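A closer look at the structure
In case you want the letters, here they are:
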Amino acid sequence: MPQFAPLKNDTFLRALLRQPTEYTPVWLMRQAGRYLPEYRATRARAGSFLGLAKNPDYATEVTLQPLDRYPLDASILFSDILTVPDAMGLGLYFSEGEGPKFERPLRTEAEVMALQVPDMASLDYVFKAVTQIRTEINGRVPLIGFSGSPWTLACYMVEGQGSREFHTIKKMLYARPDLMHRILEINATAVAQYLNAQIDAGAQAVMIFDSWGGALADGAYQEFSLRYMERVVSQLQRDKDGVRIPAIVFTKGGGIWLDEMADIGADALGLDWTVNLGRARALVGDRVALQGNLDPAILFASPEQIRAEVERSLTAYGTPSNGHGHVFNLGHGISQFTPPESVTAMVEAVHNFSRQQRGG
């Protein structure tokens, strides 16, 4: 087991565990990414997105870039949610300007029945990156590991790429729910093993991204997405060397199911921008902390407007109290076209106003 420097700023972890904090911690989904010129320079050296993601040196470099630029309270592993199905042999590739695709999507019963949980050794490049990042952060802030949810991974595995309508996977879901459940059972086992290996490698919190859960009908969401995230959460290491490892679950478009999501055993729920933070807090009570949920588009506005929206979000949540916790974030990933200085305005506004809320 590698030895790491002691953590200097644990505000993010305390907020997830609903403990008192001096201010509201903040990090951003996709904070290491294309909106930063330094990221684009590193990606050019790597030659491709996968060349970047599969090289621990490059992954470490881009993970640390936003921390060097902004006083963020957490870092997140630079990787892709599709590493797990890639390790299952589905042939992940990226078309320029079109996003990820799979050469061999799951379309037939025989293909689904042949699917297996991958050997975690094939994902060793991810775990090496986690350890290297955690070492080089040197205790500045915690490191978040992550995975796509079983349902979200299945969407890519069956559709073969991102989708607006999800006709192919929904046809399987309704016509052959037995096949759908088989994919999801394998995915849930794989995701739990994958996140636990990240925890062993040094991740101090983990997050499950259910990017496409909101595409499901009520009833189908509970059966085909929430149930399998609960299965993952139940298998996670939640204590590593006597330290709690918090788990965050985020379903984009899942605001209507928050009450049910709060009962699956996660420590925190991510919220998109369609949800009012105060109402969400009242709904979940002291069962979970909340993370979110500024509209990423506000980062194209003026610094004054950004500050006003940050204050509106923090005011909606209210002053955190013992048993409640809030981590500030966007309601989804930051846009690649975001001016970097907008993030400076946002982070400063979160830290300053949340201290004022607490009388600081």
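Structure: above.
Computed from a predicted structure; not experimentally measured.

What follows concerns the pairing of strand β5 (residues 205–210). In terms of burial, β5 is largely enclosed, as six of its six residues are buried. The alternating pattern of β5 places Ala205, Met207 and Phe209 on one face and Val206, Ile208 and Asp210 on the opposite face, and all of these are buried. Bridge count for strand β4 (residues 143–148) against β5 is five bridges, and the pairing is parallel. Residue pairing across strands places Ser147 opposite Ile208, the latter belonging to β5.

For the rest of this paragraph, the subject is the pairing of strand β8 (residues 247–251). β8 sits mainly inside the fold: five of its five residues count as buried. Of the two faces of β8, both are covered, the one formed by Ala247, Val249 and Thr251 as well as the one formed by Ile248 and Phe250. Pairing geometry for β5 and β8, over five bridges, is parallel. By the bridge assignment, Phe209 is partnered in β8 with Phe250.

A word on the pattern of salt bridges. Under the counting rule described, the total for this entry stands at 17 salt bridges. One salt bridge in this structure joins Glu109 and Arg176, with 3.0 Å as the shortest N-O distance. Of this pair, Glu109 sits in helix α6 (residues 109–114) while Arg176 sits in the loop between α9 (167–175) and α10 (177–201); the two residues are 67 residues apart in sequence, bridging distant segments of the chain. Judged by its relative accessible area of 42%, Glu109 is partly exposed. Relative accessible area serves as the criterion here: at 30%, Arg176 is assigned to the partly exposed category. By sharing partners, the salt bridges in this structure join Asp10, Arg14 and Glu22 into a single network.

What counts and how
- Residues numbered from 1 in each chain as written.
- Predicted model: local features only at pLDDT ≥ 70, side-chain atom pairs only at ≥ 80, totals over all residues.
- Heavy atoms only, no water.
- Buried < 20%, exposed > 50% of the residue type's maximum accessible area, 1.4 Å probe, protein only.
- Helix = DSSP H or I, 4+ residues; strand = E, 2+ residues; numbered from the N terminus.
- Pairing = 2+ DSSP bridges.
- Salt bridge = Lys/Arg side-chain N within 4 Å of Asp/Glu carboxyl O.

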